[in-house]
Amino acid sequence: MNAAIICIGDEVLNGDVINTNAAFVSLELKKCGIDIMCHMTVGDDPSAIKKAIQAAQQKTDIIITTGGLGPTKDDLTKQAVCAAIGASLEFNQQIHNALLERYASRNTPMPQNNLSQCYIPKGATPLPNANGTAPGVYMEHNAKTYVMLPGPPREMEWMFHEYVSKELSAKTSKTVFEKCYMLSGIGESAAEELLRDTVAEDATYAFNTYLTYSGLMVKAVAKGKNEHEAKAILESKDFLVKAAIKEHLYSEEKAELWEVANRILLENGLTIASAESFTGGLFAELLTRTPGMSASFIGSIIAYTNAQKAKLLGVKEGILAKYGAVSSQTAYEMACGAREVFSSDIAVSFTGNAGPGESEGKSAGLAYIGINFKGKTLVEENNFRGDRDMVRARAANRAYHLLYGLAASEQLARLEKK
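Because the structure is a prediction, the values reported are computed rather than measured.

Procedures and definitions
- Residues numbered from 1 in each chain as written.
- Predicted model: local features only at pLDDT ≥ 70, side-chain atom pairs only at ≥ 80, totals over all residues.
- Heavy atoms only, no water.
- Helix = DSSP H or I, 4+ residues; strand = E, 2+ residues; numbered from the N terminus.
- Polar contact = N/O pair within 3.5 Å; in protein donor to acceptor, adjacent residues only side chain to side chain.
- Contact = heavy atoms within 4.5 Å.
- Phe/Tyr/Trp six-rings, centres within 6.5 Å; stacked < 30°, edge-to-face > 60°.
- Buried < 20%, exposed > 50% of the residue type's maximum accessible area, 1.4 Å probe, protein only.
- Core = buried A, V, L, I, M, F, W, Y, C linked by side-chain atoms within 4.5 Å.
- Pairing = 2+ DSSP bridges.
- Axes fitted to C-alpha atoms, helices over the stretch in contact; angles between N-to-C directions.
- Salt bridge = Lys/Arg side-chain N within 4 Å of Asp/Glu carboxyl O.
- Right-handed = clockwise from strand over helix to strand, strands pointing away.
- Patch = residues over 30% accessible without salt bridge, like charges linked within 9 Å, V, L, I, M, F, W, Y side chains within 5 Å.
- Areas by Shrake-Rupley, 256 points an atom, 1.4 Å probe, with all protein chains shown as cover.
- Lys, Arg positive; Asp, Glu negative; His and termini not counted.
- Charge placed at Lys NZ, Arg CZ, Asp CG, Glu CD.

Bringing the side chain of asparagine 92 into the picture now. Mapped onto the elements of the fold, asparagine 92 is located in the loop between strand E4 (89-91) and helix H5 (93-105). Engagement of the side chain of asparagine 92 in a polar contact is seen with the backbone nitrogen of isoleucine 95, the distance being 2.9 Å. Excluding its chain neighbours within four sequence positions, the residues that come into contact with asparagine 92 are Cys118, Ile120 and Pro126.

Below, the structure is given as structure tokens:
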């Protein structure tokens, strides 16, 4: 079985409202074992809605719409569906009674325009709406399934869980299971190449790559006749996937790198501090996202000018004069200075040019990250692409990649001692 999702409304088409409905419905359909063929977004135009439905009829078994079920003149989804399938609307007493009861409970008379919500395509089944006045619609017509859902996410999601998922799950014998592999320090194309050279895909197993804040997520999807078969397919490929990406794998659960690294720091009693220049405290902000991080994170110094780098972190003026603020030598001194100031196990430093243009002869995106780990310091040079925000974010994430490697090694060493 496959499906098309059509999201309806001028506010969605014009970008005034973010379309979260398509993402929600797609995820839920996958759980039901149904493939998603396409997403479409159209405005409150009955002709455009009709054309979208007719296009979906050519290639899908299930057509799901969201939006356009309200009581106002621009809510025209049901009329457009009827026009596309050659059906007519008929009055539904069940919906009328429910609306009268809803307004009576508020001690408010029902507006006349709500009567339009009492009409649904002939032969269709109304879907009650516990969170609003717009009922949904479920119908079968000429071997196609049509599901019309309200636009507001709170109403639509409740209705899907309560009624629609049960109906659609019964249409397919497939059970779908997924597993996420979180990667850092590798690009999307490189990861895909590693996997495609190692792991075979077929009708029952596939994987996709997605960019995340920290790096990359590989999502493996297995389809089976039942839960046991789907899980067995995932497990049979698991070793091969991990063998291909082991150098970049930091979690087998959906989590950002900063979450995993912060947890390792806390679990191993490691303290950390930072010295930041062009990142302006972004790395420290990621550290503080984890509850209880005060047991590990001691503090940060944001030294944006050369004078403050020298005064607060002890960077030698001769180093700044000879090599400049954006240099491996300055990053080294900043990391050593921060560790000395805070007496931490780890200190991380950042100095670079976030752009957009060249500065002091240093190109935009050039960045140095220093890490002092128990007295030993390493400095890495990077050339990040993107605007200022992207360069800064990539620097913070790269530091976490280096930090994770060190923290994980420390964790392993402690386990080996035991």
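Read on for the rest.
This paragraph deals with the packing of aromatic side chains. Evaluation of the coordinates by the stated rule reveals 6 aromatic pairs. Ring centres of phenylalanine 24 and phenylalanine 160 lie 5.9 Å apart, and the angle between their planes is 85 degrees; this geometry places the pair in the edge-to-face category. Taken together, the residues span a long stretch of sequence, with phenylalanine 24 in helix H2 (residues 21-31) and phenylalanine 160 in helix H6 (residues 153-169) at a distance of 136 residues. This pair shows no difference in class: phenylalanine 24 is buried, exactly as phenylalanine 160 is. Every member of this aromatic cluster is reached through a ring pair, and the members are Phe283, Phe350 and Tyr400.

This brings us to the nonpolar core. One finds Leu265, Ile272, Phe283, Ile346, Val348 and Tyr400 to be the most contacted residues of the largest nonpolar core, which totals 40 residues. Of the residues forming this core, the biggest block, 10 residues, is contributed by helix H14 (residues 388-417). Excluding anything up to four places from it in sequence, valine 348 contacts Ile272, Ala273, Ser274, Ala275, Phe283, Ile369, Gly370, Ile371 and Ala399.

Looking now at the sheet that holds strand E1 (residues 2-8). The strand order across the open sheet formed by 6 strands is E2-E1-E3-E8-E7-E6, and the pairing between neighbours is mixed. Bordering the open sheet on either side are strand E2 (35-42) and strand E6 (125-127), each of which pairs with just one other strand. This sheet shows a mean twist of 15 degrees between the axes of neighbouring strands, independent of strand direction. Examined bridge by bridge, E1 and strand E3 (residues 62-66) share 5 bridges and lie parallel to one another.

Once that is clear, we can look at the sheet that holds strand E12 (residues 249-251). Sheet architecture is open: 4 strands sit in the order E10-E11-E9-E12, paired in antiparallel fashion. Lying at the two open borders of the sheet, with one neighbouring strand each, are strand E10 (205-211) and E12. Geometrically, the sheet is characterised by an average inter-axis angle of 35 degrees between neighbouring strands, direction not taken into account. The pairing of strand E9 (residues 175-183) with E12 spans 2 bridges and is classified as antiparallel. Opposite leucine 183, over in E12, you have leucine 249 as the bridge partner. Each of E9, E10, strand E11 (216-224) and E12 is contacted by helix H8 (residues 227-245), which is oriented at about 20 degrees to E9, the strand it contacts most.

Take the pattern of salt bridges next. Scanning all chains against the criterion turns up 14 salt bridges. A salt bridge links glutamate 252 to lysine 179, with the shortest nitrogen-to-oxygen separation between them at 2.6 Å. Taken as a pair, glutamate 252 in the loop between E12 and helix H9 (257-267) and lysine 179 in strand E9 lie far apart in primary sequence, 73 residues in all. Classification of glutamate 252 by relative accessible area gives partly exposed; the value is 36%. By sharing partners, the salt bridges in this structure join Lys179, Asp238, Lys242 and Glu252 into a single network.

Right, let's get into the environment of cysteine 118. Mapping cysteine 118 onto the fold places it in the loop between H5 and strand E5 (119-121). As a C-alpha pair, cysteine 118 and alanine 170 span 52 residues in sequence and 28 Å in three-dimensional space. Those residues in contact with cysteine 118, other than ones at most four positions away along the chain, are Glu90, Phe91, Asn92, Ile95, His96 and Leu99.

Judged from the 5 bridges that link them, strand E13 (residues 272-276) and strand E14 (residues 297-302) form a sheet pairing that is parallel. Note on E14: the bridge partner recorded for serine 274 is serine 300. Handedness of the crossover is the feature at issue here: the chain leaves E13, passes through helix H10 (residues 282-287), returns alongside E14, and the resulting connection is right-handed.

Among the surface-exposed residues, Asp10, Glu11, Asp16, Asp45 and Asp74 lie close enough to one another that they form a single negatively charged patch. Within the element layout of this structure, aspartate 10 appears in helix H1 (residues 10-13). A residue is classified by how much of its surface remains accessible, and aspartate 10, at 35% relative accessible area, is partly exposed.

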